[in-house]
Amino acid sequence: MAVIAHDPSRPTQTHAEVTRDVLKSITDKPTTGYYILVAVMAFLTLVLFATVTAELKYGLGIAGYAPPVMWSVYITTFVFWVGIGHAGTLISAILFLFRSPWRTAVYRSTEAMTVFAVMTAALFPIIHIGREWVFYWLIPYPNQRYLWPNFKSPLMWDVFAISTYLTVSSTFLMIGLVPDIAAVRDNVSGWKKKVYGALSLGWTGADSQWRHYTRAYLYLAALATPLVLSVHSVVSWDFASSIVPGWHGTIFAPYFVAGAIYSGVGMVFTLIIPLRKVLKFEHMITDYHFDNLGKLTLFVGTILFYAYAMEYFVAWYSGSTFEQVTFFRRALGPNWWAGWSMIICNAFVSQLLWFRKIRTNMTSLFVISIFINIGMWFERYVIVVSSLTNDYVPYAWGQINPTFADWFLLAGSFGWFGLWFALFYKNFPIVAIQELKELIPMPRRKLDGGAH
Amino acid sequence: MAKNVPGVLGSFEHIDAACDAIRGLKAAGHDDLTVYSAAPNHELEAAIGDKISPVRMWTLIGGLTGCTAGFAMTIWMAREWPLLVGGKPIAAIPAFVVLGFELTILVGSLTTVAGIIILSMMRSLKGRPFDPRFSDDRIGVFVPCSPDKAAAVERTLTDAGSVEVLRDA
């Protein structure tokens with residue numbers, strides 16, 4: 001038998017070692033550090049709900065809303081979190097269709113990130129409504145006033161896009177989890193066995209189950225692929241179908257999708273670099289995976305670079321005074337700090353990833369990922385706020401300063417997201433056991449190669 | 001508790017051995033096999049030789065239903081509560097494409113999931129033995145058969161290379 005160079009996408013373990021290594025993260029007792037993490041996240045979640053309660057009592061005024069800026073940090077944070085979700089679906093669904101084997105080791109954590117990020121994002125439009133208790137008016141239902149929602153409004157499109165995205169990405173995550181939960185069930189005892197047994201929905205890995213499962217997974221991936229591209233396009237049309245200078249751009253849909261994936265991969269780095277150290281998964285999530293994720297970041301970061309340049313160019317080239325003034329003020333107006341944070345953190349920092357040394361160095365990747373998170377939040381802040389501050393009539397120009405409520409909600413959103421993610425990675429397999437096993441050839445008795 | 005299905009359960013460590021056993025059993029007329037594996041495997045699929053899962057019809061029908069429902073809902077609701085926006089038609093199709101698309105994906109996904117569950121349930125596994133090692137690194141082949149045929153089945157499994165054979169007949 002010829003000796004073949006090791007394919008880096010292929011795990012080095014046997015099937016039994018994969019089960020053992022992944023399940024160790026669930027069966028090991030949580031450390032003190034884990035409890036501290038959960039406590040901090042739970043505290044921040046309390047801050048979130050306390051702020052929402054305060055807002056219910058005192059109204060949206062505590063978020064500093066005043067004409068002309070009625071969309072500010074809440075909508076910024078909403079777009080930020082929806083964007084984070086996109087990298088997860090890209091890695092789990094799109095790369096599945098493209099048969100990229102490197103996705104396997106990281107896709108479960110990114111898919112979980114997607115679901116929790118969309119759960120976080122979905123809070124914000126509801127908080128932003130101000131009268132949260134009537135949010136169900138957005139859903140078309142027969143009512144005694146004979147009213148129906150206006151489906152020509154992009155905000156209604158958004159309701160459908162986000163709720164579809166939340167439903168489909170959670171289904172995709174849960175379907176992927178079922179065989180892995182069955183593996184957990186077979187390796188724990190007592191009440192845990194009962195709980196995981198119920199969650200595994202009677203999965204045994206029988207041929208009659210795999211037969212439908214593998215096909216269905218393919219179709220779910222095929223459905224999730226256009227969905228992920230559509231969701232952030234729809235979010236971008238919340239802005240682009242208005243006539244506000246700085247929002248009214250045809251470039252918005254691809255620009256937002258690229259930005260979403262960029263911010264999402266940034267968050268993937270922020271999450272899995274510490275995670276793989278804590279769980280000792282270095283042999284499963286290797287430099288090879290980070291190298292590929294780095295290339296993906298570089299690719300979408302470069303699209304963003306182009307989009308930023310094009311936005312300024314088109315603003316100038318359009319000859320429209322209003323567009324020109326908006327973009328002049330974006331770079332040199334009162335919000336110049338936000339405008340430059342976005343350009344430096346996204347367009348320029350991403351270009352460091354041309355170097356392989358940087359793509360495979362965990363410290364540099366982690367630092368870059370923090371820049372990406374900050375930069376992408378500022379991008380949305382710039383688009384939402386700086387466009388609203390200067391409308392067509394200079395008399396109506398205004399400013400907004402985020403208040404404590406804005407900052408508390410932003411910090412709280414990280415707590416809410418982090419709490420879900422922390423609980424998830426300790427209780428469910430954070431690396432897809434069955435998909436890793438699919439990559440590992442099973443032992444053979446005869447060395448004749450077999451069907452593949 | 002469901003009554004146990006009488007038969008023989010073979011456990012394999014090697015993929016080629018399991019495939020040989022499946023082919024041997026199929027040739028001997030045992031069609032109602034249950035093959036357990038921790039991950040999907042093309043060689044096993046080829047040996048079992050099932051047709052492609054009909055779950056794709058569920059996806060297709062769900063997707064088409066969602067698409068129709070999306071357009072029908074928006075057009076009907078727009079006409080039921082006419083809102084004149086920017087001089088556009090009451091039922092503005094381009095705007096409703098988004099809704100039609102989202103519902104295609106939503107309903108298509110949900111029927112696909114329903115498809116996995118319902119199609120998997122159509123072949124009952126009640127009373128068939130299972131070993132926790134099948135979700136780890138072993139392949140299991142369960143052959144339902146009457147006690148008089150059990151000895152022959154056991155031999156086929158052992159000859160193919162089964163590392164453990166259990167008779168429950």
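Residues numbered from 1 in each chain as written. Chains lettered and ligands numbered in written order. Predicted model: local features only at pLDDT ≥ 70, side-chain atom pairs only at ≥ 80, totals over all residues.

1. Observations regarding the overall build of chain B
- Tallying secondary structure elements over chain B gives five helices and four strands in all.
- Here chain B has a C-alpha radius of gyration of 25 Å; the compact-globule value for 169 residues is 15 Å, and the former is much larger.
- Along the first, second and third principal axes, the C-alpha atoms of chain B reach 80 × 35 × 25 Å.
- The buried share of chain B, reckoned over its 169 residues, is 44%.
- Looking at chain B alone, contacts between residues at least 24 apart form 82% of all its contacts between residues at least 6 apart. (Helix = DSSP H or I, 4+ residues; strand = E, 2+ residues; numbered from the N terminus. Rg over C-alpha atoms; globule rule 2.2 N^0.38 Å. Buried ≥ 20, exposed ≤ 12 C-beta atoms within 10 Å, placed from the backbone. Contact = placed C-beta atoms within 7 Å.)

2. Comments concerning the interface of chain B and chain A
- Contacts between chain B and chain A engage 59 residues on the former and 52 residues on the latter.
- Of all elements in the fold, only helix 1 (15-27), strand 2 (34-36), helix 2 (42-48), helix 3 (55-80) and helix 4 (93-122) of chain B reach the threshold of two or more residues within the side of chain B that touches chain A.
- In terms of residue count, helix 4 of chain B provides more of the side of chain B that touches chain A than any other element does, 16 residues in total.
- Its residues placed into classes, the side of chain B that touches chain A shows 33 nonpolar, 15 polar and eleven charged. (Nonpolar A, V, L, I, M, F, W, Y, C, P; charged D, E, K, R; others polar.)

3. Side note on the environment of A:L298
Residues and elements named next belong to chain A.
- Along the chain, L298 turns up in helix 9 (residues 287-317).
- Linking L298 and W133, residues 165 residues apart in sequence, is a C-alpha distance of 43 Å.
- Apart from residues no more than four positions distant in its own chain, L298 is found in contact with S350, L353 and W354.

4. Details of helix 3 (residues 73-97) of chain A
Residue and element names in this part refer to chain A.
- Compared with the 36 Å implied by 1.5 Å per residue over 25 residues, the 36 Å span of helix 3 between its first and last C-alpha is a close match.
- Of all 25 residues in helix 3, 24 are buried, a share of seventy percent or more.
- With its phi angle positive at about 55°, R99 sits one or two positions after the end of helix 3. (Expected span 1.5 Å × (residues − 1).)

5. Quick word on the nonpolar core
- Formed by 167 residues in total, the largest nonpolar core has its most connected members in B:A18 and B:V141.
- In contact with B:A18, other than residues within four places in its own chain, are B:F12, B:L44, B:I139 and B:V141. (Core = buried A, V, L, I, M, F, W, Y, C linked by C-beta atoms within 7 Å.)

6. Side note on the pairing of strand 1 (residues 7-12) of chain B
Residue and element names in this part refer to chain B.
- For strand 1, a buried count of six out of six residues is recorded, marking the element as mostly surrounded by other parts of the structure.
- Residue alternation in strand 1 divides its side chains into two sets, G7, L9 and S11 and V8, G10 and F12, and both sets are buried.
- Pairing analysis gives six bridges linking strand 1 to strand 3 (residues 139-144), with the strands arranged antiparallel. Of the residues in strand 3, the one forming a bridge with G7 is P144. (Pairing = 2+ DSSP bridges.)

7. Some thoughts on the confidence of the model for chain B
- Mean pLDDT over chain B stands at 89; residues scoring 70 or higher make up 98%.
- When mean pLDDT is taken per element in chain B, helix 3 of chain B scores highest with 95 and strand 4 (residues 164-168) of chain B scores lowest with 83. (pLDDT = per-residue confidence, 0-100.)

8. Section: the environment of A:S242
Residues and elements named next belong to chain A.
- Tracing the chain through its elements places S242 in the loop between helix 7 (207-240) and helix 8 (252-278).
- The spatial distance from the C-alpha of S242 to the C-alpha of P154 is 9.2 Å, given a sequence separation of 88 residues.
- If near-sequence neighbours (up to four positions away) are discounted, S242 is found in contact with W247 and H248.

9. A few points about unusual backbone geometry
Residue and element names in this part refer to chain A.
- For the bond from P67 to P68, the omega torsion is 5°, close enough to zero to count as cis.
- The phi torsion at Y146 lies on the positive side, around 55°, for a residue other than glycine.
- Residue position: Y146 is located in the loop between helix 4 (104-129) and helix 5 (154-185).
- Although it is not a glycine, L201 adopts a positive phi angle of roughly 55°.
- Owing to 16 C-beta atoms within 10 Å, L201 belongs among the partly exposed residues under this scheme.

10. Observations regarding the packing of helix 9 of chain A against helix 10 (residues 321-332) of chain A
Residue and element names in this part refer to chain A.
- Interhelical geometry of helix 9 versus helix 10 gives an angle of 140° and a closest axis separation of 7 Å. In terms of their interaxial angle, helix 9 and helix 10 are classed as oblique. Between helix 9 and helix 10 lies a crossing whose hand is left-handed. Counting all contacts with helix 9, which are made through Y312, A315 and W316, the residues of helix 10 involved are E323, Q324, T326 and F327.
- Its residues placed into classes, the contact of helix 9 with helix 10 shows four nonpolar, two polar and one charged. (Axes fitted to C-alpha atoms, helices over the stretch in contact; angles between N-to-C directions. Parallel < 35°, antiparallel > 145°, perpendicular 65-115°, else oblique. Left-handed = near helix turned anticlockwise from the far one by under 90°.)

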